[in-house]
Amino acid sequence: MYNYKSIFKKMKKLFKVQPDSNQTAIGILLARVGIAALMLTHGVPKVLQLFSSAPVEFPAVMGMSSQLSLILTVFTEVICSLLVMVGLGTRIASALLAATMLVAAFYIHAADPFAVQEMSLHFLLVYLVLMITGSGKFSIYYLLQQKGLSK
């Protein structure tokens, strides 16, 4: 015969919400590293474009020149992604990346079908979550905080 009390205890433990648990920290770590790695696949080609001798072929955004627009995009997609990846300044870096994704979705791809805008919106969603959660306990920021170097 089954011990239903034991089964219910295990089920309850499985579904218990523990906001400060290692599982939550691992989830944030996976989100940070995963989204940063995916964004780097978009940013690195832009770095190559920025430093190539060919003329800049990038959309001029909101009155900025193509070159300035490319420089700002490279900064967010590469530098901010690396910060998110290691967990340093995650909230600020995520805010800048979220702003970049808003521009991509609703300015650059405004006339495109939803299927094209969708990728920017997926990135935006993860950056919004990281703005709320922060970098989590598996991050450089957490280590600095533990050593009393950050407030």
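Refer to the structure above for everything that follows.
Residues numbered from 1 in each chain as written. Predicted model: local features only at pLDDT ≥ 70, side-chain atom pairs only at ≥ 80, totals over all residues. Heavy atoms only, no water.

Novice: Mind laying out the packing of helix H4 (residues 90-108) against helix H5 (residues 114-133), listing which residues take part and the relevant values?
Specialist: Two elements in contact, H4 and H5, have axes whose closest approach is 8 Å; the angle formed by their N-to-C orientations is 160°. By the angle between their directions, the pair H4 and H5 is classed as roughly antiparallel. For H4 against H5, the interelement crossing comes out left-handed. Residues Thr90, Arg91, Ser94, Ala95, Leu97, Ala98, Met101, Leu102, Ala104, Ala105 and Phe106 of H4 form the contact with H5, whose own contacting residues are Gln117, Ser120, Leu121, Phe123, Leu124, Tyr127, Leu128, Leu130, Met131, Ile132 and Thr133. (Axes fitted to C-alpha atoms, helices over the stretch in contact; angles between N-to-C directions. Helix = DSSP H or I, 4+ residues; strand = E, 2+ residues; numbered from the N terminus. Parallel < 35°, antiparallel > 145°, perpendicular 65-115°, else oblique. Left-handed = near helix turned anticlockwise from the far one by under 90°. Contact = heavy atoms within 4.5 Å.)

Novice: Break down the packing of aromatic side chains for me, citing the residues and quoting the values.
Specialist: Applying the stated criterion to the full structure yields 1 aromatic pair. Ring geometry for Phe123 against Tyr127: centres 6.3 Å apart, planes inclined by 20°, an arrangement best described as stacked. Of this pair, Phe123 and Tyr127 both sit in helix H5, 4 residues apart, roughly one helical turn. With respect to class, Phe123 is no different from Tyr127; both count as buried. (Phe/Tyr/Trp six-rings, centres within 6.5 Å; stacked < 30°, edge-to-face > 60°. Buried < 20%, exposed > 50% of the residue type's maximum accessible area, 1.4 Å probe, protein only.)

Novice: Describe the packing of helix H3 (residues 66-86) against H4, and please don't skip the residues or the numbers.
Specialist: One can describe the packing of H3 onto H4 by two numbers: an axis separation of 9 Å at closest approach and a directional angle of 150°. When the axes of H3 and H4 are compared, the pair comes out roughly antiparallel. Here H3 and H4 pass one another in a crossing that is left-handed. Every residue of H4 that contacts H3 at Phe75, Thr76, Glu77, Cys80, Ser81, Leu83 and Val84 is listed here: Thr90, Ala93, Ser94, Leu96, Leu97, Thr100 and Met101. Looking at the contact of H3 with H4 residue by residue, the classes come out as 8 nonpolar, 5 polar and 1 charged. (Nonpolar A, V, L, I, M, F, W, Y, C, P; charged D, E, K, R; others polar.)

Novice: Pulling in residues and values, what's your account of the nonpolar core?
Specialist: Core analysis: the biggest nonpolar cluster contains 14 residues, and Ile35, Met39, Val84, Leu97, Met101, Phe123 and Tyr127 have the highest contact counts within it. Every element with two or more residues in this core is listed here: helix H2 (22-50), H3, H4 and H5. With sequence-adjacent residues up to four places away left out, Val84 is seen in contact with Arg32, Ile35, Ala36, Thr90, Ala93, Ser94, Leu97 and Leu130. (Core = buried A, V, L, I, M, F, W, Y, C linked by side-chain atoms within 4.5 Å.)

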